[in-house]
Amino acid sequence: MSTEVLLRHAIEADELVLHYQPQIDLRSGRIVGAEALIRWESPSLGRISPAQFIPLAEETGLIVPIGRWVIERACRDAASWMRSTEGAHCVVAINLSARQFNEEALMAGITSALSENQLAAHHVEFEITESMVMQDPVSASGILKKLRDMGCKVALDDFGTGYSSLAYLRTFPLDCLKIDRSLVTDVAIVCAVVQMAQAFGFKTLAEGVEDEAVLAVLQDVGCDIVQGYYYARPMPLEEFKSYLRSHS
Ligand code: G
Ligand code: G
Ligand code: MN
Ligand code: NA
């Protein structure tokens, strides 16, 4: 069977899972969020990376049902950790793909996932890549505004890898810039991005933090939030809940 056919069945066959990677506030040391990262365990193909199957899902349109599943499951999981004292301030960060972002039914899907799980909108953040918004900045800006009007947060993912128009960037309704992990070891770039984000009124999150030296630089330049293997790898829900309990 082709990978496409197998992926089509992956949702109903319960082969997709979400792992969570903690996001830590640098000043307080508290866990303020967790990024949901999809995993596919195929009985016939083995473990397949989202870097492989997300592009396929985009091409075939399967990203629409998969993306809907991700939003529903992430909201359900976040609602479950939100009920504990340790998890009460931990936002769930959900990656949106280009198709999903431009889909008419996106807002309705989010609204129903929130209400079904009695999850407050401000506990959910959507990650949209720089290239997705720069393709059509005017339309993207309208969608970002709708998400924020609902009460959700919005982060610009992979920042620094695409071609952002700074003039547009400053007008975007954003909460956070996620500095791409390929850039976090470059002191000058990190410093410049943090200063620019501060001037524009956005928070900064550094991805792919793997060691103490990088962490020290980020602290120095005033980066707000960090995420990376130095703290933890993406992990299954139950493991993430114990992580929350033991790190608060
Ligand atoms: O976790 P990992 O490094 O393997 O993820 C690889 C890529 O897949 C990253 O670019 C990440 O943003 C993307 N990805 C992971 N989970 C999701 C998801 O739920 N939806 C979308 N659209 N992309 C995801
Ligand atoms: O594209 P996006 O930023 O959504 O993807 C995040 C990806 O980065 C995930 O696949 C995640 O597994 C991976 N990741 C998270 N932390 C680290 C890290 O410290 N080092 C590396 N190399 N990858 C990381
Ligand atoms: Mn991301
Ligand atoms: Na990224």
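Reading the values: the criteria
- Residues numbered from 1 in each chain as written.
- Chains lettered and ligands numbered in written order.
- Predicted model: local features only at pLDDT ≥ 70, side-chain atom pairs only at ≥ 80, totals over all residues.
- Helix = DSSP H or I, 4+ residues; strand = E, 2+ residues; numbered from the N terminus.
- Rg over C-alpha atoms; globule rule 2.2 N^0.38 Å.
- Buried ≥ 20, exposed ≤ 12 C-beta atoms within 10 Å, placed from the backbone.
- Contact = placed C-beta atoms within 7 Å.
- Near = placed C-beta within 6 Å.
- Nonpolar A, V, L, I, M, F, W, Y, C, P; charged D, E, K, R; others polar.
- Axes fitted to C-alpha atoms, helices over the stretch in contact; angles between N-to-C directions.
- Left-handed = near helix turned anticlockwise from the far one by under 90°.
- Pairing = 2+ DSSP bridges.
- Right-handed = clockwise from strand over helix to strand, strands pointing away.
- Core = buried A, V, L, I, M, F, W, Y, C linked by C-beta atoms within 7 Å.
- Expected span 1.5 Å × (residues − 1).
- Arc of directions from axis to C-beta.

As recorded in an unreviewed UniProt entry, the protein goes by the name EAL domain-containing protein, listed as coming from Roseateles albus.

**Notes on the overall build of the protein**
A tally of helices and strands in the protein yields 11 helices and 10 strands. For 248 residues, the compact-globule formula gives about 18 Å, and the C-alpha radius of gyration of the protein, at 18 Å, lands near that figure. With respect to the principal axes defined by its C-alpha atoms, the protein has extents near 50 × 45 × 35 Å. For the protein, buried positions account for 39% of its 248 residues. Sequence separation of 24 or more characterises 67% of the internal contacts of the protein that already satisfy a separation of 6 or more.

**Concerning the site of ligand 2**
Neighbouring residues of ligand 2: 13 residues in total, closest G208, E210, G228, Y229 and P234. Grouping the constituent residues of the shell around ligand 2 by class yields 4 nonpolar, 4 polar and 5 charged.

**Some thoughts on the packing of helix α9 (residues 187-200) against helix α10 (residues 212-221)**
With their axes 10 Å apart at the nearest point, α9 and α10 run at an angle of 30 degrees to one another. α10 is crossed by α9, and the crossing has right-handed handedness. Here V187, V190, C191 and V194 of α9 lie close against α10, whose contacting residues are V217, L218 and V221. Broken down by class, the residue content of the contact of α9 with α10 amounts to 7 nonpolar, no polar and no charged.

**Let's talk about the site of ligand 1**
Looking at ligand 1, the residues that line it are A36, L37, I38, S49, P50, A51, I54, V70, N95, S97 and P234. Partitioning the shell around ligand 1 into residue classes produces 8 nonpolar, 3 polar and no charged.

**Describing unusual backbone geometry**
Phi angles above zero are rare outside glycine, and Q118 is one such case at about 50 degrees. The residue Q118 is located in the loop between α5 (106-116) and β5 (124-129) in this model. Positive phi values are uncommon outside glycine, yet D158 reaches one of about 55 degrees. With respect to the helices, strands and loops of the structure, D158 is situated in strand β6 (residues 153-159).

**Points about the pairing of strand β8 (residues 203-206)**
For strand β7 (residues 176-179) and β8, the ladder comprises 4 bridges, and the chain directions are parallel. When the bridges of β8 are listed, L177 appears paired with T204. Note that the unit made of β7, α9 and β8 has a crossover that is right-handed. Since β8 and strand β9 (residues 225-226) lie parallel, the crossover through α10 that links them has a hand, and here it is right-handed.

**Regarding the nonpolar core**
Here is a general trend for soluble globular proteins: nonpolar side chains tend to be buried in one another's company. Membership of the largest hydrophobic core comes to 70 residues, with the highest contact counts inside it found for A74, V92, I94, L177, A206 and V226. With 8 residues, the top contributor of residues to this core is helix α3 (residues 63-82). If near-sequence neighbours (up to four positions away) are discounted, A206 is found in contact with I179, V184, V190, L218, C223 and V226.

**A word on helix α7 (residues 137-150)**
Across its 14 residues, α7 extends 20 Å between first and last C-alpha, which sits within 8% of the 20 Å expected from 1.5 Å per residue. Taken residue by residue, α7 has I143, L144 and L147 as its buried positions. Each buried residue of α7 lies within a common arc of 100 degrees when the element is viewed along its axis, so the set occupies one face. Among the exposed residues of α7, those pointing more than 90 degrees away from its buried face are V138, G142 and D149. Where the residues of α7 are buried, they touch α4 (98-101), β5 and β6. Just downstream of α7 lies G151, where phi reads positive at about 110 degrees.

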